Amino acid sequence: MASLTVTQLAEKIDELMCEIVSLETAVSAQTVLIDRLRSEADDLQSQIQILEDDKEPLAEENKQNLNITRTSLDCLAEKLSSVKPDEEIQDEEEVAVKVKSQEEPKKNRKFIKVQVEVPRT
């Protein structure tokens, strides 16, 4: 480096000081942004934890509701399996009428075929 005059040396020092101040400002701004991002990340983590805590009772409640629904469906299926189609009921009623008429004394013995309509639900 060639020899510098005091004035030139002072100008170089001023340039370097301006550069240092500019870098310090940039670092300070970046530090503020980092702190802000950390704070937002912490807030998000807290909200996630709250949601997870709220989810647990809901999941348990859903399991209980599902069990109740399954039990109800099992009960309905059991009842449904004991329900006979209309034709079977009608045939049984005809047989019952025939048996009743056979139990009557011989003088009144007549076979009556009765057809009963059972409303469908």
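The structure this text deals with has already been given above.
Since the structure is predicted, the reported quantities are computational estimates derived from the model, not experimental observations.

Overview of the pattern of salt bridges
- Under the defined criterion, the tally for this structure stands at two salt bridges.
- Linking Arg38 and Asp35 is a salt bridge whose minimum nitrogen-to-oxygen distance equals 4.0 Å. Here Arg38 pairs with Asp35, and both are found in helix H1 (residues 6-82), just three residues apart, close to one helical turn.
- Of the charged contacts in the structure, one is a salt bridge between Arg36 and Glu40, with a shortest N-O distance of 3.3 Å. Taken together, the residues Arg36 and Glu40, both in helix H1 and four residues apart, mark about one turn of the helix.
- For Glu40, a relative accessible area of 37% gives the class partly exposed.

Reading the values: the criteria
Residues numbered from 1 in each chain as written. Predicted model: local features only at pLDDT ≥ 70, side-chain atom pairs only at ≥ 80, totals over all residues. Heavy atoms only, no water. Salt bridge = Lys/Arg side-chain N within 4 Å of Asp/Glu carboxyl O. Helix = DSSP H or I, 4+ residues; strand = E, 2+ residues; numbered from the N terminus. Buried < 20%, exposed > 50% of the residue type's maximum accessible area, 1.4 Å probe, protein only.

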